[in-house]
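# Architecture and fold: a report
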Amino acid sequence: MVARLRSPLLSGSVEIKPTSLPGVLLLQPRVFPDDRGFFCETFRAELLSEQGISEQFVQDNHSRSTRGVVRGLHFAIGPGSSKLVRCGRGEIWDVAVDLRLGSPTYGRWEGFELSDEKMQILYLPAGIAHGFCVISDVADVIYKQSAYYDPAVERGIAWNDPEVGIQWPLSADEISVSERDLEAPLLSELSEPLQFKFVADDA
């Protein structure tokens, strides 16, 4: 029987770590290795619910990218979408940018090394722009989201916005970005007003 989460942040199956961005959480599941490989439980709704992550995740996505690929920074307008992101193969530098009006960290970013060795999972509430850079030869990124993909509400900001100032782990000449992401506006140039509101008890 899996132990239920104990206060403040530790469970028998997952350790939950706060980050510098309120409401963004880094989850470390327990891994059970043996000489055949390993077993790891990567999602259990009841454990997340006890930490305030109660969204219903309705869609799983899986991308594969080669070294130097940067995807992002993406978000959805309207009510937005929460995400649970992990790297199932290889290693990535995963980035979250706070777009919630009234947040003490609005416009700030934080980066996380996610890999198939560390097995960590990043929780991103709605109102957080997300992107990543592949730093291994190849990486598979797998993530759950709380809203179905809808191109009509998908938006992005520039991966190299100087005002956000993300410190990517690779140089610009090593980075490969899609045409869509190259055309993304700066945060200050978004044509639609952001509707995400910061709620103090997100954390």
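### What to know about the packing of aromatic side chains
As enumerated under the stated definition, the model contains three aromatic pairs in all. With 6.2 Å between their ring centres and 80° between their planes, F75 and F196 make a pair best called edge-to-face. Here the residue F75 occupies a position in strand β6 (residues 69-76), and F196 occupies one in the segment after α2 (179-182), the gap between them amounting to 121 residues. By relative accessible area, F75 is classed as buried at 5%. Taking relative accessible area as the criterion, F196 reaches 7% and is therefore assigned buried.

### Thoughts on the side chain of S81
Position of S81 relative to the elements: it lies in the loop between β6 and β7 (83-89). Accessibility expressed as a relative area gives 15% for S81, which makes it buried. In this structure the side chain of S81 is engaged in a polar contact, spanning 3.3 Å, whose partner is the backbone nitrogen of S146. Among the polar contacts listed, one links the side chain of S81 to the backbone nitrogen of A147, at a separation of 3.4 Å. In this view, S81 contacts L124, P125, A126, Q145, S146 and A147; residues no more than four positions away in its chain are not counted.

### Observations concerning the sheet that holds strand β2 (residues 25-29)
Overall, antiparallel pairing links the six strands, which are arranged β1-β2-β10-β7-β12-β5 in an open sheet. Edge positions in the open sheet fall to β1 (14-18) and β5 (59-66), since each of these has one partner strand only. Each neighbouring strand pair of the sheet contributes to a mean axis angle of 25°, computed without reference to strand direction.

### Some thoughts on unusual backbone geometry
Across the junction of G72 and L73, the peptide omega takes the value 15°, indicating a cis bond. Of note in the backbone geometry, M119 takes a positive phi value of approximately 65° without being a glycine. Residue placement: M119 occurs in the loop between β9 (109-115) and β10 (121-124).

### Re the pairing of strand β8 (residues 91-98)
In terms of burial, β8 is largely enclosed, as seven of its eight residues are buried. Across seven bridges, β8 lies against β9 in antiparallel orientation. From the neighbouring strand, E91 faces β9, where its bridge partner is S115. Alignment of β8 against strand β11 (residues 128-134), held across seven bridges, turns out to be antiparallel.

### What about the nonpolar core?
If you look at the biggest cluster of nonpolar residues, it comprises 20 residues, and the most contacted ones within it are L73, V97, L99, I157 and W168. Taken together, the elements giving at least two residues each to this core come down to β6, β8 and β11. When residues no more than four places from it in sequence are discounted, the contact partners of I157 are G72, L73, F75, V97, L99, A129, A184, P185, L187 and L190. The next biggest cluster of nonpolar side chains, apart from the first, holds 17 residues, and it includes I92, A96, L122 and V141.

### Re the confidence of the model for the chain
Taken over all residues, the pLDDT of the chain has a mean of 89, while the share at 70 or more is 93%. Here residues 1-12 scores under 50 on pLDDT; set against residues more than four positions off or in separate chains, the count is 26 contacts.

### Looking at the side chain of H130
The topology assignment puts H130 in strand β11. A relative accessible area of 6% places H130 in the buried class. A distance of 2.9 Å separates the side chain of H130 from the side chain of D94, its partner in a polar contact. Setting aside its immediate chain neighbours within four residues, H130 contacts R71, G72, L73, H74, K83, V85, D94, V95 and L124.

### Considering the state of the cysteines
Here, disulfide denotes a covalent bond that connects the sulfur atoms of two cysteines. Counted under the stated rule, the structure contains zero disulfides. Sulfur of C87: no disulfide; nearest cysteine sulfur belongs to C133 and is 12 Å away. Since its relative accessible area comes to 0%, C133 is described here as buried.

The rules we used
- Residues numbered from 1 in each chain as written.
- Predicted model: local features only at pLDDT ≥ 70, side-chain atom pairs only at ≥ 80, totals over all residues.
- Heavy atoms only, no water.
- Phe/Tyr/Trp six-rings, centres within 6.5 Å; stacked < 30°, edge-to-face > 60°.
- Helix = DSSP H or I, 4+ residues; strand = E, 2+ residues; numbered from the N terminus.
- Buried < 20%, exposed > 50% of the residue type's maximum accessible area, 1.4 Å probe, protein only.
- Polar contact = N/O pair within 3.5 Å; in protein donor to acceptor, adjacent residues only side chain to side chain.
- Contact = heavy atoms within 4.5 Å.
- Pairing = 2+ DSSP bridges.
- Axes fitted to C-alpha atoms, helices over the stretch in contact; angles between N-to-C directions.
- Core = buried A, V, L, I, M, F, W, Y, C linked by side-chain atoms within 4.5 Å.
- pLDDT = per-residue confidence, 0-100.
- Disulfide = S-S within 2.5 Å.

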